[in-house]
Protein chains: 2
Amino acid sequence: MLPSQPNQALVDGLAVLQALAVSERPTGSREMGRMLGIEATRVNRLLRTLAHLGMARQTADRKYLPGPAMHVLSAQSLFGSGLVRSAMEPLARLNVYNLTVAMGVLWRDQVCYLYHATPGMSGADALGRVGLYPASRSGIGLSILASQTDEAIRDLYRGRPVDGFENVDALLVSLRETRERGWAYAMADEKTQTVSLGVAVGSPAYASVAFSGPITPEGTPLYVDTLQEAADAIERAATGGKDLANEPKRRRR
Amino acid sequence: MLPSQPNQALVDGLAVLQALAVSERPTGSREMGRMLGIEATRVNRLLRTLAHLGMARQTADRKYLPGPAMHVLSAQSLFGSGLVRSAMEPLARLNVYNLTVAMGVLWRDQVCYLYHATPGMSGADALGRVGLYPASRSGIGLSILASQTDEAIRDLYRGRPVDGFENVDALLVSLRETRERGWAYAMADEKTQTVSLGVAVGSPAYASVAFSGPITPEGTPLYVDTLQEAADAIERAATGGKDLANEPKRRRR
DNA sequence: GAAGCATGGTGCAATTATAGCACCAATTTG
DNA sequence: CAAATTGGTGCTATAATTGCACCATGCTTC
């Protein structure tokens, strides 16, 4: 996974881009440098490069904002790329159980929803209902986390609490069960007894589909089967029929 | 606009990222290198770096696809960032004239829609109806192009036809009028007499809002005023009250 | 199935682009 | 009006990148 010669400039540049994307207000180089732990001159040059590409633009006081090219990239990536496009149809077919249907990806220790349809909601409406949710409390999150190694999980949560679990070890136990079972179970809300069932898309997982609502143990097998079919359909459509290998064979000398 | 020390790695990396975003099927390093005119080894390392960041992922035959981090970035940028969020409310208020309401940004010589509401369509539905349209045939496109220099326009269209115009010079004449008038007029469809009126957001323009439909000369002033108000409102909300200067003063030694 | 070709990936040494200090010019704060 | 902070740039040591040559694998074509 780690490249032989990673391009640090690109790594930092994308970190700046991401920081820019989530910034609420115009941000200056030095401020962003402090946020990201990168030297200010470097940040300034990266920001200026991004501005030149249209990925950022500048206010009158020379601070930076996301630029038009960023919106183009986003729109193209989100709606033009395979995942969302090929997921729409399988996801729409899940809208038959009076449950919430969701698809999301993992971002750090959070789930980022790409599709989130409450019962009866149309597919078009379900797009763009974006939000972040702690991965450890979500069927989507747990099912994606389960495809990672214990070491990666420990790294991810090192130094911070695991929402919904006592500690990382408790999460790892749950992930081991998830791995064996092939699908994830999360109690999303104790009070309303809202349960979330997640099935990963792809292997290693890069996304996940889930039902959530007042799910009983009796209904679970049917729901899981349905989710699994949808996950397979999405994976097939998104990769153009070419499945991912479980572990792409590394080629080393 | 051109940085003193532009970061070429970031420029190429984002070119690769963009190419990846619009790729229909899994793409290999060499193929992408040929497409972008970048040496294959370099592309391979950029792709591997992107894969390490989760921006790309690999199929079993080691070709590359957009990765989960890309969808996160897109979702955050598109819905989390200022532009779309602050535009939703002003755009929804434009839905009173039985005309199509749109907002878009310029991408190369095309308009990329971020919002596209046919008469009566709800704001939520209007998001994500993304498509590309020749900039020279659209009120949005013309109004954004008008904020660029003649030289930039010539560069943009060098060696390719200008949709809807005889040649670049004819377009430049039209853009000069647009500049003086402060808003753009485009005959989007001769047969149905569909007209598109566009008003730029920001200065220099980074987006534009437009009405389109069977617009008569009598109605035009009212529509233009309404668009201008919306554009101002979006600009104010997106920049957090801090307006962009018409020309950010360059500071050179 | 051998031969040819194309592909993803890596090692290595030359070199080139970058890092960051010191500094400038604005702008804001006290 | 001084002090502090910020965006931005020049300059050079230096560290990161480039791209050739090459390997291993997979896919056609004989």
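Please refer to the structure higher up on the page.
Caption draft 1: Focus on the overall build of chain A. Of regular secondary structure, chain A possesses 10 helices and eight strands. In chain A, which comprises 253 residues, the proportion classed as buried is 53%. Sequence-distant contacts in chain A: of pairs separated by 6 or more residues, those separated by 24 or more amount to 51%. Counting every atom, chain A has about 11,700 Å² of accessible surface; 50% of that belongs to carbon and sulfur.

Caption draft 2: Structural view of the sheet that holds strand β4 (residues 110–117) of chain A. All names here are of chain A. The six strands lie next to each other as β5-β4-β3-β8-β7-β6, forming an open sheet whose pairing is antiparallel. Of all the strands in the sheet, the pair left with one neighbour each is β5 (132–134) and β6 (184–189). Neighbour to neighbour, the strand axes of the sheet diverge by 35° on average, direction disregarded. Here strand β7 (residues 194–201) pairs with strand β8 (residues 207–213) via seven bridges, running antiparallel. Looking at the pairing, V195 lines up with G213 of β8. Lying over the sheet, helix α10 (residues 220–238) contacts β3 (100–107), β7 and β8, oriented at roughly 35° with respect to β7.

Caption draft 3: Broad picture of the packing of helix α1 (residues 8–22) of chain A against helix α2 (residues 29–36) of chain A. All names here are of chain A. The N-to-C vectors of α1 and α2 enclose an angle of 110°; their axes lie 11 Å apart at closest approach. Compared by their axis directions, α1 and α2 come out roughly perpendicular. Across the interface between the two elements, A15, V16, A19 and L20 of α1 pack against M32, M35 and L36 of α2.

Caption draft 4: The arrangement of the pattern of salt bridges in detail. Summed over all chains, the structure comprises 18 salt bridges over all chains. In this structure, B:E31 engages B:R25 in a salt bridge whose closest nitrogen and oxygen atoms are separated by 2.8 Å. Judged by its relative accessible area of 24%, B:E31 is partly exposed. In this structure, a network of salt bridges that share partners links the residues A:D150, A:R176 and A:R179.

Caption draft 5: Layout of α2(A). Residues and elements named next belong to chain A. Among the residues of α2, those classed as buried are S29, M32 and G33. Buried residues along α2 cover an arc of 105° about the axis, so they all sit on one side. Among the exposed residues of α2, those oriented more than 90 degrees off its buried face are R30, R34 and M35. Positive backbone phi, at 70°, marks G37, one or two positions downstream of α2.

Caption draft 6: Region of interest: unusual backbone geometry. Positive phi values are uncommon outside glycine, yet A:R108 reaches one of about 55°. Looking at the element boundaries, A:R108 is found in the loop between β3 and β4.

Caption draft 7: Quick peek at the sheet that holds strand β5 (residues 132–134) of chain B. Residue and element names in this part refer to chain B. As summarised here, the arrangement of the six strands in space is β5-β4-β3-β8-β7-β6, forming an open sheet in which the pairing is antiparallel. Edge positions in the sheet fall to β5 and β6 (184–189), since each has one partner strand and no second. This sheet shows a mean twist of 35° between the axes of neighbouring strands, independent of strand direction. Seen against the sheet, helix α10 (residues 220–238) touches β3 (100–107), β7 (194–201) and β8 (207–213) and runs at an angle of roughly 35° to β7.

Caption draft 8: Fine view of the nonpolar core. With 72 residues, the main nonpolar core has A:L91, A:M103, A:V209, B:L91, B:M103 and B:V209 as its most contacted residues. Setting aside anything within four residues of it in sequence, one finds A:M103 in contact with A:L83, A:A87, A:L91, A:C112, A:Y113, A:L114, A:Y115, A:I140, A:S208, A:V209 and A:I234. Within the second largest apolar cluster, 40 residues are counted, among which are A:L46, A:L50, A:M70 and A:L73.

Caption draft 9: Broad picture of helix α9 (residues 168–181) of chain A. Residues and elements named next belong to chain A. The terminal C-alpha atoms of α9, which comprises 14 residues, lie 20 Å apart, in line with the 20 Å expected from a rise of 1.5 Å per residue. Buried within α9 are the following residues: V168, L171, L172, S174, L175 and T178. Taken down its axis, α9 places every buried residue within 165° of arc, on the same side. Looking at the buried side of α9, the elements it contacts are α7 (139–145), α8 (150–157) and β6. One or two positions beyond α9, positive phi appears at G182, with a value near 90°.

Caption draft 10: Focus on the packing of aromatic side chains. One pass over the full model with this rule turns up six aromatic pairs over all chains. Each ring, one from A:F211 and one from A:Y223, has its centre 5.7 Å from the other, and the planes form 65°; the classification is edge-to-face. In this pair, A:F211 sits in strand β8 while A:Y223 sits in helix α10, placing the two residues 12 residues apart along the sequence. Each member of the pair, A:F211 together with A:Y223, is buried. For the ring pair B:Y97 and B:Y223, a centre distance of 5.0 Å and an interplane angle of 65° mean the geometry is edge-to-face. One end of the pair, B:Y97, is in the loop between α5 (82–92) and β3; the other, B:Y223, is in helix α10, with 126 residues separating them in the sequence. Between the NZ or CZ atom of A:R181 and the centre of the ring of A:W183, over which it lies, the distance is 4.5 Å. One cation-aromatic arrangement involves B:R57 over A:Y206; the distance from NZ or CZ to the ring centre is 3.3 Å.

Caption draft 11: Quick peek at the environment of B:D225. Residue and element names in this part refer to chain B. One can find D225 in helix α10. We classify D225 as partly exposed; its relative accessible area is 49%. Remark: the alpha-carbon pair of D225 and W183, spanning 42 residues in sequence, is separated by 9.8 Å.

Caption draft 12: Examining the environment of B:Y206 more closely. Note on placement: B:Y206 falls in the loop between β7 and β8. Through-space distance from the C-alpha of B:Y206 to that of B:L106 is 7.5 Å; in sequence the pair is 100 residues apart. If near-sequence neighbours (up to four positions away) are discounted, B:Y206 is found in contact with A:R57, A:P68, B:L83, B:V105, B:V201, B:E235 and B:A238.

Caption draft 13: Spatial organisation of the pairing of β3(B). Residue and element names in this part refer to chain B. A large share of β3 lies buried, amounting to eight of its eight residues. Taking every second residue as pointing to the same face, both faces of β3 are buried, with T100, A102, G104 and L106 on one and V101, M103, V105 and W107 on the other. Two elements, β3 and β8, share five bridges in a ladder whose sense is antiparallel. Bridged to T100 within β8 is S212. Pairing of β3 with strand β4 (residues 110–117), which is carried by seven bridges, proceeds in the antiparallel orientation. Along β4, the bridge assignment pairs M103 with Y115. The loop that links β3 with its antiparallel partner β4 comprises two residues; one of these, R108, has a positive phi angle of about 55°.

The rules behind each value
- Residues numbered from 1 in each chain as written.
- Chains lettered and ligands numbered in written order.
- Predicted model: local features only at pLDDT ≥ 70, side-chain atom pairs only at ≥ 80, totals over all residues.
- Heavy atoms only, no water.
- Helix = DSSP H or I, 4+ residues; strand = E, 2+ residues; numbered from the N terminus.
- Buried < 20%, exposed > 50% of the residue type's maximum accessible area, 1.4 Å probe, protein only.
- Contact = heavy atoms within 4.5 Å.
- Areas by Shrake-Rupley, 256 points an atom, 1.4 Å probe, with all protein chains shown as cover.
- Pairing = 2+ DSSP bridges.
- Axes fitted to C-alpha atoms, helices over the stretch in contact; angles between N-to-C directions.
- Parallel < 35°, antiparallel > 145°, perpendicular 65-115°, else oblique.
- Salt bridge = Lys/Arg side-chain N within 4 Å of Asp/Glu carboxyl O.
- Arc of directions from axis to C-beta.
- Core = buried A, V, L, I, M, F, W, Y, C linked by side-chain atoms within 4.5 Å.
- Expected span 1.5 Å × (residues − 1).
- Phe/Tyr/Trp six-rings, centres within 6.5 Å; stacked < 30°, edge-to-face > 60°.
- Lys NZ or Arg CZ within 6 Å of the ring centre and 35° of its normal.

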